[in-house]
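As a plain string of letters, each chain reads:
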Amino acid sequence: MSDAENTSADTEPPVRVCLTLQDSEGQISDNENSGSSTHISPTETNIASGDGGPPPPKTKRTSAVWDSFTVSENDPSKAICKLCKSKLSRGRDAKHYNTTSLHNHLLYVHHMRKPTVSATSSPLPSRVTGVQLGAAKGSHSSSSSPILTAFAAKQPFSANHPRSKQITEMIGKMICTDLEPFSVVERRGFKQLVGFLEPKYKIPSRHYFSRTVVPEMYEAMRGELVQSLKAAEGGVINLTTDLWTSNHNAHAYLCLTGHWCERVGEASVQRRAGLLNVGVLDIEHTSNNIRCCLKEKMREWEESVGQSVTIRFVVSDNAANMVKALTEYGHIRCVSHTLHLVVIKALEKNRVVTSLLSKARSISGHVHRSSKASNRLQELQTQLNLPQHTLITDIKTRWNYTFYMLQRLVEQRRAVQIMTQESNMGRAPTIIYPNEWGLASDMLTVLSPFEEVTRALSKHSASISEVIPLLHGLCFIIRSLHVGGLAAGEESEDESDQFMAGDDDQDATVGLGQDVAAESREKLGTAARKLAASQSKELEWRFEPIFANSTFLLATLLDPRYKVSCFPNNVDVEALKRTLLLRMELCDPVATPARNTEETPATSSTSILSFLQKKKSAMPMRTHLPSGDMEAYLTDGDISLTDDPLKYWSGKLQCWPNLARFALQHLSCPPTSVQSERVFSTAGNVVSPQRANLDPSHVEQLVFIKVNVDLKNSVGLFDP
């Protein structure tokens, strides 16, 4: 080696090492690795060829950054981070690639310091790369990789990391299903919790959740509904709709829920329901505007589904604008709303009853408002060994809460009596006298059948096929409480006593009537009998049209739990069959199994179910051979009142396809608009006073996801 070379090697080792660190790939030639030369110069480093191709195969990279990066196969000017898969530029000129951006990425993104070389380090490339950079032969895997792995284990996740995406998605689901505000991700406690559970996760901002995460979840949920609607039996769905105006953001919302039967395989169906729309309707709520909005929303769904969607029935409340808007559809008035009017009007006509209810509301409201009264009630419950239940206040729009309020007062009677004697609860008199306590118990007896029917018709699995049987049983029970409770020598002054209850009905259910009389009618007071009489009048006036409505009659006929056994006696079954034949195309008769002669015993002890079971048992057996699908169906084996009718029709899709399809379209229609009201209960929790400025589009997305997640977990399973 010459003196000039020795002098250069003695005076410039740091510079040469620095050049090696800044080299595009930090590569050393084969001659240097073999020890034939001991100095480093820029001309001896591995520089990529001018055509931008990969480096020669016989060279190696010595920079420590290449433990964390690889060269892109598609673009040699790019390097790919092994930790976060990010692509970084190595420079524009293929002859002068560098690692500066790679070092900066490790420093500022992954918080890994750039490797350095001391001034006393040996200028030999093998020692520099082996000791300081860990890239020399034989030291790459044993020295540097474990260190970098340890560093990488503590680095934060990138936004595209699978684990980070999973956590972000779960937080988005939590916001939607628990109705949390978007700002929850910025709260100190939430950050501490997430940091404790996953230290490497970086929580995105609330704007990211409101503008990206939740909208993506909304589109995904909408896509699931589209796929289900594509499989709707016959392309037919039924709707429930309602209007609601928020008290906090002054926006009005129109709700649409869909109900249909979805084909699952070749010979199986399941009932599905979903929230289709809960959009803003900040225009005058005229019938024309409502109808145009409904058509527009359904047109959007048809475009998404890619096929025609037929609306069979639409269920709404009794508002005049709704009734008029839905005249061109098969409009059905909500049965629960009508039952509410029946009960409320009957209660308002009886002064003794209204006086008792006024006292009950005062007591319940006082206990809810006063912590002192609430604590005193708990003390008395402990002393008297009563259930630890709070009192219930009624809701004007929910008659059944009046029933629950009286039920809870009767349960806590001894405690309430002591409290009313100790102090007056409120401005109005609140002492309930013994005869009023007796009236409260009688009212529970009279209102109990209404509560049973309301609860049955409000289930997710309820169908319009249940309306006539349940109302027929309700009318019979209320008439029994009224007429059967009259004292000897008294006569009924109401023509409604004969409503839907002919001589045959009385004969077929005489056993049941005697049982009810023995248990309740003997002790029913005068005020309670008058209440039952008022209810009978209201039932006759409001529900008589339903018993002549072909939609309800056909739905009941096509329900294998009832068929013709639970019809009132004035229903012309033969005329109803002809009506059905006019509405559908019958297939050729097929052989069907013989009727099962064994009656399924009733599994419920409730009065109305018992009445229906007796009616069903009293029906004569059909002995003639079936002449078509309808007669084959009517003579087919019965199912229990608590069985799922959809399972029955799933087994008949092959033998009676047209009849089964027609039946499923009716059985999938709910009898009430309760589902729409439940949607608005959820919307009320979203548009709270603390979130009054929430954008309506965010309201729709949050409510849409929340409601459909709940329906997905509940609908499809029969709830007897």
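Here the structure is a predicted model, which means the values were calculated and not measured.

Colleague: What exactly am I supposed to notice about the overall build of the protein here?
Modeller: Across its full length, the protein holds 29 helices and ten strands. Every one of the 720 residues in the protein was classed for burial, and the buried ones make up 50%. Sequence separation of 24 or more characterises 69% of the internal contacts of the protein that already satisfy a separation of 6 or more. Summed over its atoms, the accessible surface of the protein is roughly 34800 Å², and 50% of this surface lies on carbon and sulfur atoms.

Colleague: How do you make sense of the packing of aromatic side chains when you look at a structure like this?
Modeller: Two descriptors summarise a pair of aromatic rings, namely the distance from one centre to the other and the angle between the planes of the rings. If you walk through the whole model with that rule in mind, you get twelve aromatic pairs. An aromatic cluster is present here, built from Y633, Y648, W649 and W656 joined pairwise through their rings. Of note, R222 hangs over the ring of W301, and the distance from its end group to the ring centre comes to 4.0 Å.

Colleague: Is there a simple way to think about the packing of helix α13 (residues 351-369) against helix α17 (residues 434-457) in this case?
Modeller: Two measures define how a pair of helices packs: the angle their axes make with one another and the distance between the axes. Relative orientation of the contacting elements α13 and α17 amounts to 100°, with a least axis distance of 11 Å. Our classification of the angle between α13 and α17 gives roughly perpendicular. In this structure, α13 uses V352, V353, S355, L356, L357 and K359 to contact α17, whose residues at the interface are E436, L439, A440 and M443. Classifying every residue of the contact of α13 with α17 gives seven nonpolar, one polar and two charged.

Colleague: Honestly, helix α14 (residues 371-384) in this entry has me stumped. Any pointers?
Modeller: An α-helix turns once per 3.6 residues; consequently, residues spaced three or four apart project the same way. The end-to-end C-alpha separation of α14 is 20 Å, in line with the 20 Å expected for 14 residues at 1.5 Å each. Within α14, the full set of buried residues consists of A373, L377, L380 and Q381. Projected down its long axis, α14 shows its buried positions confined to an angular sector of 105°, all on one face. Within α14, the exposed residues directed more than 90 degrees away from the buried face are S371, K372, T382 and Q383. Taken together, the buried residues of α14 touch α13 and α16 (413-422). A distance of 3.4 Å separates the backbone nitrogen of K372 from a side-chain oxygen at the start of α14, and that oxygen is part of S370. Once α14 finishes, N385 follows within two positions and takes phi at roughly 60°, a positive value.

Colleague: Honestly, the sheet that holds strand β5 (residues 87-89) in this entry has me stumped. Any pointers?
Modeller: By definition, the strands of a sheet pair up through backbone hydrogen bonds, in either a parallel or an antiparallel sense. The sheet built from three strands is open, its strands ordered β3-β4-β5 with antiparallel pairing. This sheet does not close on itself; its edge strands, each paired only once, are β3 (69-71) and β5. Neighbour-to-neighbour, the strand axes of this sheet turn through a mean angle of 35°, independent of strand direction. As paired strands, strand β4 (residues 78-81) and β5 are joined by three bridges and run antiparallel to one another. Note that in β5 the partner of I80 across the bridge is K87. The strands touched by helix α4 (residues 100-108) are β3, β4 and β5; relative to β5, the strand with the most contacts, the crossing angle is about 135°.

Colleague: I would appreciate a short explanation of the nonpolar core in the present structure.
Modeller: Side chains of nonpolar character tend, in soluble globular proteins, to be buried together. Core analysis: the largest hydrophobic core is formed by 94 residues, its most contacted members being M443 and W649. Among the elements that make up this core, the one with the highest residue count is α17 (eleven residues). Here this core spans two domains, and each of domain 3 (338-485 + 522-537) and domain 4 (549-588 + 623-670) adds at least three residues to it. Counting 54 residues, the second largest nonpolar core, distinct from the first, contains L256, V699, V703 and F704.

Colleague: Sorry, what's going on with the sheet that holds strand β6 (residues 236-245) here?
Modeller: The strand order across the open sheet formed by five strands is β8-β7-β6-β9-β10, and the pairing between neighbours is mixed. Each edge of the open sheet is held by one strand with a lone partner, namely β8 (269-280) and β10 (330-333). Each adjacent strand pair in this sheet contributes to an overall mean axis angle of 25°, direction not counted. Docked against the sheet, helix α10 (residues 287-305) engages β6, β7 (252-263), β8 and β9 (310-316), running at close to 130° with respect to β6.

Colleague: Whenever I open this one, helix α12 (residues 335-348) confuses me. Can you help?
Modeller: Taking 1.5 Å per residue as the helical rise, α12 with its 14 residues ought to reach 20 Å, and the 20 Å between its terminal C-alpha atoms agrees with that figure. In terms of burial, α12 is largely enclosed, as ten of its 14 residues are buried.

Colleague: In this structure, what is going on with the environment of K652? I would like to understand it.
Modeller: On the secondary structure map, K652 appears in the loop between α26 (645-650) and α27 (657-667). Among the residues examined, K652 registers a relative accessible area of 14% and is labelled buried. For the pair formed by K652 and S268, sequence separation is 384 residues and the distance between their alpha carbons is 9.4 Å. Beyond its immediate stretch of four places on either side in the chain, K652 contacts D636, P657 and A660.

Colleague: In this structure, what is going on with unusual backbone geometry? I would like to understand it.
Modeller: Generally, phi is negative for residues other than glycine and the peptide bonds are trans, each holding for most cases. Positive phi, close to 55°, is recorded for L179, a residue that is not glycine. One can find L179 in the loop between α7 (162-177) and α8 (188-197). Backbone geometry at A250 places phi at a positive 60°, although glycine is not the residue there. Take A250: it is sitting in the loop between β6 and β7. Looking at A250, the relative accessible area reads 64%, which means it is exposed.

Colleague: Hey, could you run me through the pattern of salt bridges in this one?
Modeller: Side-chain pairs of opposite charge can arise where the charged atoms are in close proximity. Overall, the coordinates contain 26 salt bridges when judged by the stated rule. Ionic pairing is found between R542 and E538, a salt bridge with its closest N-O pair at 3.0 Å. Pair noted here: R542 and E538 are both in helix α21 (residues 526-543), with a separation of four residues, about one helical turn. Three or more residues are tied together by salt bridges with common partners; here these are E233, R263 and R661.

What counts and what doesn't
- Residues numbered from 1 in each chain as written.
- Predicted model: local features only at pLDDT ≥ 70, side-chain atom pairs only at ≥ 80, totals over all residues.
- Heavy atoms only, no water.
- Helix = DSSP H or I, 4+ residues; strand = E, 2+ residues; numbered from the N terminus.
- Buried < 20%, exposed > 50% of the residue type's maximum accessible area, 1.4 Å probe, protein only.
- Contact = heavy atoms within 4.5 Å.
- Areas by Shrake-Rupley, 256 points an atom, 1.4 Å probe, with all protein chains shown as cover.
- Phe/Tyr/Trp six-rings, centres within 6.5 Å; stacked < 30°, edge-to-face > 60°.
- Lys NZ or Arg CZ within 6 Å of the ring centre and 35° of its normal.
- Axes fitted to C-alpha atoms, helices over the stretch in contact; angles between N-to-C directions.
- Parallel < 35°, antiparallel > 145°, perpendicular 65-115°, else oblique.
- Nonpolar A, V, L, I, M, F, W, Y, C, P; charged D, E, K, R; others polar.
- Expected span 1.5 Å × (residues − 1).
- Arc of directions from axis to C-beta.
- Polar contact = N/O pair within 3.5 Å; in protein donor to acceptor, adjacent residues only side chain to side chain.
- Pairing = 2+ DSSP bridges.
- Core = buried A, V, L, I, M, F, W, Y, C linked by side-chain atoms within 4.5 Å.
- Domains from an automatic or database assignment.
- Salt bridge = Lys/Arg side-chain N within 4 Å of Asp/Glu carboxyl O.

So far we have only geometry, and geometry alone does not tell us how the molecule works.
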